[in-house]
Amino acid sequence: MIWNPQRPGTMPFHRYRPYEDRVNVLAADRSWPSARIESAPLWVPVDLRDGNQALAEPMDTARKRRFFDLLVSMGFKEIEVGYPSASRTDFDFVRHLVGLVRSGAVPDDITPVVFTPARPDLIDRTFESIDGLPRSVVHLYIPTSPVWRDVVLGRDRAAVRATVEEAAAHMARLADARPESHIRFQFAPETFNVTEPDFVLELCDGLTELWDASPDRPVTHNLPATVEIATPNVYADQIEYMHRNLARRDSVILSVHPHNDRGTGVACAELAVLAGAQRVEGCLFGNGERTGNVDLVTLALNLYAQGVDPMLDFSDIDAVREVVEHCNRLPVHPRHPYAGDLVHTAFSGTHQDAIAKGLAHHAKQAAELGVEPREAPWNVPYLPLDPADIGRSYEAVIRVNSQSGKGGTAYLLRTRHGLDLPAELRADFSRAVQDATDDSGREASPDELHELFRTAYLVPGRPGSGGVLSLLSWTADTAPDGAHRCVCTLQVGDRAGDFEGFGNGPLSAFVDALAAAGISVDVLDYSEHAVTSGGTSEAAAYARCRVGGADGDTVWGAGVDTSLLAASVQAVVSAVNRAGAAG
């Protein structure tokens, strides 16, 4: 094709098979594409087990406890707490948790989940760890796909089924021996997404029957995309097949456990919920083996940004991130959705302009509705949700570097320093900002922007600036006929003298006095405003002036003073001196 000049590559892509050559996906009459997510699934964090297994330095009890407390405070109700037969550390943490429950330190509605392979001795160890818990879920798993059966386990389908049924029956006996505890069961056919659908259905239905699942004591069937092999729609088709065909469907919690090997774990989870999944396992910020487990933070806040209650508390996202980074000893990427340092930040000039206008419109709309901005409907360009909702301030939304434009600079000067620059002055100042950031190669902070503006526009209007014009003293009054009179002492170059001017206002009288001193100034544009509210507020004045007659330079000047008249005079002096510097 003429528009695509790409050529065949040299990598041995022929070694790999497409998903349709690896698993039969039964996708007749799919309905999930037209479904909508209108409520949150049951979120189950597996950070303390699956996520922990992926850490170079697994968590000790103290770090696990801190992470567990975070999960509880956020609103998670079912939490996978460990793999107690895998290590003494995991076993000891579950026992530590039992002590917390007995002491009342854990809310009654929290259900711990423990993980076990299909081996009787390890199941015994698992049940030993949960002795004393009033409620729990025991999660049984076994790999089921052909490559695992053939290469790793060395068992055919019948042998795998027998192993699972033996393990499940053993679990049922151990649970029956603990009538004081409410123990539910969970089964995960690991590598579900590359296992024959009829075999998965056979195993799951067999355990639903063996465990005698009922609506008040449902079994959880957890279907992992252990290693992603296809686009997310394929996983959705697989989940919908199970959703439609599982026996005793009202007694089954259909759960998913997507990984992120193809970078589509979030999409897989969302489409799986559309396809009938009721429960999602994952980790905060997507920690996990290989490229990680599905990210529960992104999933939950994706719902939030669609107007759906995620049933979790992310009102202080930075506090959540701090705990997770401490416990995992892994950083959260600055571009991580919602939580990264830079995800609400705009450097681009066009983005900054849109955001600044959007925030102004949002404030106006809130005022018109008579509500606080935090309660008004959110509709700001480039910001899918209000950063304040997750504990972020607006201070980091707009940051200025060499890629930025006038809108971002103006926004920061207005919101951080109270200077509301006229539109044409914004463009004029942005050129100075770009020169400075190009030279430094880094971004400019709001304080640095203010200092740059002060140096470029305010200092030239004040005595001692070193410019061609210095206003040493001045007074203004009004004559009986209403005319304004200005008397001032000016130093022009190395010559000082007293000059008088008249006009229809104090500023025009000052300009007339400048003309008497030989300085021709035409004020072409002028604006003013209070810098802050209150009786002692400073005022800012901005003047665009043509200096030097009809063929002179047109430049901006600015002044800030507790006196508005003084600020306006400073703005004109600034323009004169800036024109002289340019000349």
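Sequence order as written defines the numbering, with residues in each chain counted from 1. Only residues with pLDDT of at least 70 get local features here, since the model is predicted, and only at 80 or more are side-chain atom pairs given and counted; chain-wide, interface and lining totals rely on the full set of residues. Based on all heavy atoms of the structure, the side-chain values leave hydrogens and waters out of the count.

**Brief notes about the overall build of the protein chain**
And step 1. The way it works is that DSSP assigns letters per residue, a run of H or I at least four long becomes a helix, a run of E at least two long becomes a strand, and they are numbered from the N terminus. A count of helical and extended segments in the protein chain gives 17 helices and 14 strands.
And step 2. For 583 residues, the compact-globule estimate of 2.2 N^0.38 gives 25 Å, and the protein chain exceeds it by more than 25% at 35 Å.
And step 3. With the principal axes as the frame, the protein chain shows a C-alpha extent of 105 × 70 × 45 Å.
And step 4. When each of the 583 residues of the protein chain is scored for burial, the buried share is 50%.
And step 5. Note on definitions: a residue-residue contact is assigned when non-hydrogen atoms from the two residues lie within 4.5 Å. For the protein chain, the share of sequence-separated contacts (at least 6 apart) that also reach a separation of at least 24 residues comes to 66%.
And step 6. For the area figures, the Shrake-Rupley method with a 1.4 Å probe applies, and any residue is considered shielded solely by the protein chains shown. When the accessible surface of the protein chain is summed, it comes to about 26,600 Å², and 50% of that surface belongs to carbon and sulfur atoms.
And step 7. For the protein chain, the distance from the average position of its 53 positive side-chain charges to the average position of its 79 negative side-chain charges is 5 Å. As a reference, a globule follows 2.2 Å times the number of residues to the power 0.38, and the radius of gyration itself is taken over C-alpha atoms. For every residue, the accessible area (1.4 Å probe, protein chains only) is compared with the maximum for its type, and the residue is labelled buried under 20%, exposed over 50%, or partly exposed between those bounds. For the purpose of counting charges, residues Lys and Arg are taken to be positive, whereas Asp and Glu are taken to be negative. His and the chain ends are not included. Working definition for charges: the position is that of NZ of Lys, CZ of Arg, CG of Asp or CD of Glu.

**Section: the UniProt feature "binding site: Mg(2+)" (unreviewed entry) in the protein chain**
And step 1. UniProt positions are given in the numbering used here, feature names are shortened, and annotations may be inferred rather than shown by experiment. With numbering aligned to this structure, UniProt lists the feature "binding site: Mg(2+)" (unreviewed entry) at Asp50, His257, His259 and Asn293. A maximum C-alpha distance of 10.9 Å is found for the annotated residues, which run over 244 residues; spatially they form one tight group.
And step 2. In this fold, histidine 259 is placed in the loop between strand 7 (252-258) and helix 9 (265-274).
And step 3. Look at histidine 259 and you get buried, because its relative accessible area is 5%.
And step 4. In contact with histidine 259, not counting residues within four places along its chain, are Asp50, Ala225, Thr226, Glu228, Gly265, Glu289, Arg290, Gly292 and Asn293.
And step 5. You can see asparagine 293 is positioned in the loop between strand 8 (279-282) and helix 10 (296-304).
And step 6. Taking the relative accessible area as the measure of exposure, asparagine 293 reaches 2% and is therefore buried.
And step 7. Here asparagine 293 is in contact with Val46, Asp50, Gly51, His257, Pro258, His259, Gly282, Cys283, Gly286, Asn287 and Gly288, once residues within four sequence places are set aside.

**Looking at unusual backbone geometry**
And step 1. With a phi angle near 60°, arginine 290 is a residue other than glycine that sits in the positive phi range.
And step 2. Inspection of the secondary structure assignment puts arginine 290 in the loop between strand 8 and helix 10.
And step 3. Residue classification places arginine 290 among the partly exposed positions, given a relative accessible area of 44%.
And step 4. Even without being glycine, tyrosine 382 reaches a positive phi, approximately 70°.

**With respect to the pattern of salt bridges**
And step 1. What counts as a salt bridge is simple: a side-chain nitrogen of Lys or Arg found within 4 Å of a carboxyl oxygen of Asp or Glu. A full pass over the atoms with the stated rule returns 37 salt bridges.
And step 2. A salt bridge links aspartate 428 to arginine 578, with the nearest nitrogen and oxygen atoms 4.0 Å apart. With a gap of 150 residues between them, aspartate 428 in helix 14 (residues 423-440) and arginine 578 in helix 17 (residues 564-582) connect regions that are remote in the sequence.
And step 3. Residue classification places arginine 578 among the partly exposed positions, given a relative accessible area of 21%.
And step 4. Across the pair aspartate 522 and arginine 546 runs a salt bridge, and its minimum N-O distance is 3.4 Å. One end of the pair, aspartate 522, is in strand 12 (residues 521-530); the other, arginine 546, is in strand 13 (residues 539-547), and 24 residues separate them in sequence.

**So, the domain arrangement of the protein chain**
And step 1. Taken domain by domain, the protein chain holds domain 1 (37-328), domain 2 (349-390), domain 3 (406-459) and domain 4 (465-581).
And step 2. For domain 2 and domain 4, the distance between their C-alpha centres works out to 38 Å. Each domain span listed reflects an automatic or database assignment of domains.

**Focus on the packing of aromatic side chains**
And step 1. Only centres within 6.5 Å qualify two rings of Phe, Tyr or Trp (six-membered ring in Trp) as a pair; their planes then separate them into stacked at under 30 degrees, edge-to-face at over 60, and tilted for everything else. Tallied over the entire structure, the rule returns eight aromatic pairs.
And step 2. Judged by centre distance (4.5 Å) and plane angle (10°), the ring pair of phenylalanine 115 and tyrosine 141 falls under stacked. Of this pair, phenylalanine 115 sits in strand 3 (residues 111-117) while tyrosine 141 sits in strand 4 (residues 135-143), placing them 26 residues apart in sequence.
And step 3. Under the relative-accessibility criterion, tyrosine 141 is labelled buried at 17%.

**Some remarks on the sheet that holds strand 14 (residues 553-561)**
And step 1. Sheet architecture is open: three strands sit in the order 12-13-14, paired in antiparallel fashion. Each end of this open sheet is capped by a strand with a single partner; those strands are strand 12 and strand 14. With strand direction ignored, the average angle separating the axes of adjacent strands in the sheet is 15°.
And step 2. The rule for pairing is simple: two strands pair if DSSP sees at least two bridges between them. In this structure, strand 13 lies alongside strand 14, joined through nine bridges in antiparallel fashion. Across the sheet, residue tyrosine 542 finds its bridge partner in strand 14, namely alanine 558. For helices, the fitted axis covers only the stretch in contact; all axes are lines through C-alpha atoms, and the angles between them, taken along N-to-C directions, range from 0 to 180 degrees.

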